[in-house]
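Results of the structural survey
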Amino acid sequence: MLRYVSRRLLLAVPVLLGITFIVFAMVTFAPGDAISLMLGSESANPANVERLREELGLDLPWYVQYANYMNRLLHGDLGRSITYGRPVADQIAQRFPNTLLLAVSASLFALIIGLPLGVLAASRRNTVVDYASTTGAMLGVSLPNFWLGLMLLLFFGLRLRWLPIRGIGDLSTGVWSFVSHLILPSITLGAALAALLTRLTRSSVLDVLGEDFIRTSRAKGVPGRLVLFKHALRNALLPVVTTFGMQFGALLGGAVITETIFSWPGMGMLAVNAIKQRDLPVIQGTVLVFALSFMVVTLATDLVYALINPRIRYE
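Criteria and cut-off values
- Residues numbered from 1 in each chain as written.
- Predicted model: local features only at pLDDT ≥ 70, side-chain atom pairs only at ≥ 80, totals over all residues.
- Heavy atoms only, no water.
- UniProt positions renumbered as here; feature names shortened; annotations may be inferred.
- Patch = residues over 30% accessible without salt bridge, like charges linked within 9 Å, V, L, I, M, F, W, Y side chains within 5 Å.
- Areas by Shrake-Rupley, 256 points an atom, 1.4 Å probe, with all protein chains shown as cover.
- Salt bridge = Lys/Arg side-chain N within 4 Å of Asp/Glu carboxyl O.
- Helix = DSSP H or I, 4+ residues; strand = E, 2+ residues; numbered from the N terminus.
- pLDDT = per-residue confidence, 0-100.
- Axes fitted to C-alpha atoms, helices over the stretch in contact; angles between N-to-C directions.
- Parallel < 35°, antiparallel > 145°, perpendicular 65-115°, else oblique.
- Left-handed = near helix turned anticlockwise from the far one by under 90°.
- Contact = heavy atoms within 4.5 Å.
- Nonpolar A, V, L, I, M, F, W, Y, C, P; charged D, E, K, R; others polar.
- Buried < 20%, exposed > 50% of the residue type's maximum accessible area, 1.4 Å probe, protein only.
- Core = buried A, V, L, I, M, F, W, Y, C linked by side-chain atoms within 4.5 Å.
- Phe/Tyr/Trp six-rings, centres within 6.5 Å; stacked < 30°, edge-to-face > 60°.

The name an unreviewed UniProt entry gives the protein chain is Nickel import system permease protein NikB, with Limnochorda pilosa as the organism. Database annotation for the protein chain, UniProt heading Sequence similarities (unreviewed entry): "Belongs to the binding-protein-dependent transport system permease family. OppBC subfamily." Turning to the protein chain, the UniProt annotation filed under Subunit (unreviewed entry) states: "The complex is composed of two ATP-binding proteins (NikD and NikE), two transmembrane proteins (NikB and NikC) and a solute-binding protein (NikA)."

**Notes on a nonpolar patch on the surface**
A contiguous nonpolar surface patch, about 780 Å² in accessible area, is contributed by Leu 139, Leu 143, Phe 146, Trp 147, Leu 150, Met 151, Leu 154, Leu 158 and Ile 257. The dominant element in the nonpolar patch, judged by the number of residues it contributes, is helix α7 (residues 145–159), at 6 residues.

**Points about the UniProt feature "transmembrane region" (unreviewed entry) in the protein chain**
What UniProt calls "transmembrane region" (unreviewed entry) maps, in this numbering, to residues 9–30, 100–123, 135–158, 178–197, 236–262 and 282–308. The distance from the first to the last C-alpha atom of residues 135–158 is 28 Å, and the span holds 92% helix and 0% strand. Secondary structure content for residues 178–197 is 100% helix and 0% strand, and the end C-alpha separation is 27 Å.

**Some remarks on the confidence of the model for the protein chain**
Taken over all residues, the pLDDT of the protein chain has a mean of 81, while the share at 70 or more is 91%. Ranking the elements of the protein chain by mean pLDDT puts helix α2 (residues 34–39) last, at 64, and helix α5 (residues 88–123) first, at 89.

**Some remarks on the packing of helix α6 (residues 128–142) against helix α8 (residues 175–209)**
With their axes 8 Å apart at the nearest point, α6 and α8 run at an angle of 140 degrees to one another. Our classification of the angle between α6 and α8 gives oblique. Classified by chirality, the crossing of α8 by α6 is left-handed. Of α8, the residues touching α6 (which contributes Asp 130, Ser 133, Thr 134, Ala 137, Gly 140 and Val 141) are Ala 191, Ala 192, Ala 195, Leu 196, Thr 198, Arg 199 and Arg 202. Grouping the constituent residues of the contact of α6 with α8 by class yields 6 nonpolar, 4 polar and 3 charged.

**What about the pattern of salt bridges?**
Under the criterion given, the structure shown has 2 salt bridges. Across the salt bridge formed by Arg 202 and Asp 130, the nearest N and O atoms sit 2.7 Å from each other. In this pair, Arg 202 sits in helix α8 while Asp 130 sits in helix α6, placing the two residues 72 residues apart along the sequence. Comparing Arg 202 with Asp 130, the two get one shared label, buried. Notably, a salt bridge pairs Arg 215 with Asp 212, separated by 2.3 Å at the nearest N-O pair. Of this pair, Arg 215 and Asp 212 both sit in helix α9 (residues 212–219), 3 residues apart, which is roughly one turn of that helix. Assessed through its relative accessible area of 53%, Asp 212 is described here as exposed.

**Topic: the nonpolar core**
Counting residues in hydrophobic clusters, the biggest one holds 18 residues, and the most contacted among them are Leu 73, Leu 78, Ile 92 and Met 267. Contributing elements (two or more residues each) for this core: α1 (2–28), α4 (62–74), α5, α12 (267–276) and α13 (280–308). When residues in this core are grouped by element, the largest group, 6 residues, is from α13. Met 267 has contacts with Ile 92, Arg 95, Phe 96, Thr 99, Glu 259, Thr 286, Val 289 and Phe 290, leaving out every residue within four places of it along the chain.

**Examining the packing of aromatic side chains**
Per the stated rule, a full pass over the model turns up 5 aromatic pairs. Ring geometry for Phe 21 versus Tyr 66: centroids 5.3 Å apart, planes at 85 degrees, classification edge-to-face. Of this pair, Phe 21 sits in helix α1 while Tyr 66 sits in helix α4, placing them 45 residues apart in sequence. The class for Phe 21 is partly exposed, based on a relative accessible area of 35%. When its relative accessible area of 14% is taken as the criterion, Tyr 66 is described as buried. With 6.1 Å between their ring centres and 45 degrees between their planes, Phe 156 and Trp 162 make a pair best called tilted. With relative accessibility at 25%, the residue Phe 156 sits in the partly exposed group.

So this is what it looks like as structure tokens:
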């Protein structure tokens, strides 16, 4: 196991190097000028633009800029924001917990809805329950999250005034205040994943229910609920865990739209604002953290396999 983890970590290094280079190239060679945007494109003094460009090293050839960036990165320095003048690492450290909180709450929502509904649909195949869960899952996958988020915001936030429509809650003002700010963004972000898990759990459980060991368990008189949840669901979880792990990594990087709709102060909004301002260090830092998070989640998913199915061993 330790050898497998070490090999995966070593393989992550060239991937991260490739990501840093691709992001650097896309931002550096894009039209426009970050210094002019920062100072104001119309009122910027050309002398000030050139002076600031030299101070930030943006007058150097691109390969020198990239080498300098990688040198700082190897020393744990993600650079300093061109727009705000603050260390990028500080901004990411401030925003990343909010995005992680949103992704975790959206995943919990998806698991609470998707797993029981998928198992229920599989155990009641070709019944009203099965058809209803299938229809709900199709709607969840089909509805774009920006539309769903706006509808939830308009109905529950503005019309009924049950839930707050923007910002993040503060635990010092009460648990309900904190939780209420999470509900609408979590549903918006987790609806598609809940629908996907419902469909996947249903099909996986149906496959396992047709296996010989399930028929043997039933022939031996094992209660139906025990067969369903202990034997069938456990053996059906591997594809579900794979999908959940991949989608959780995508939630971390894909929360941009949800954070924008609900003014959630997370990494997504930080990245969007950085792209608008051509803030190269912040863009590189956020993309790097997103990529690193995705790889960590993928590795954790692989390790969970061994816990679910003891027959899996990593060499």
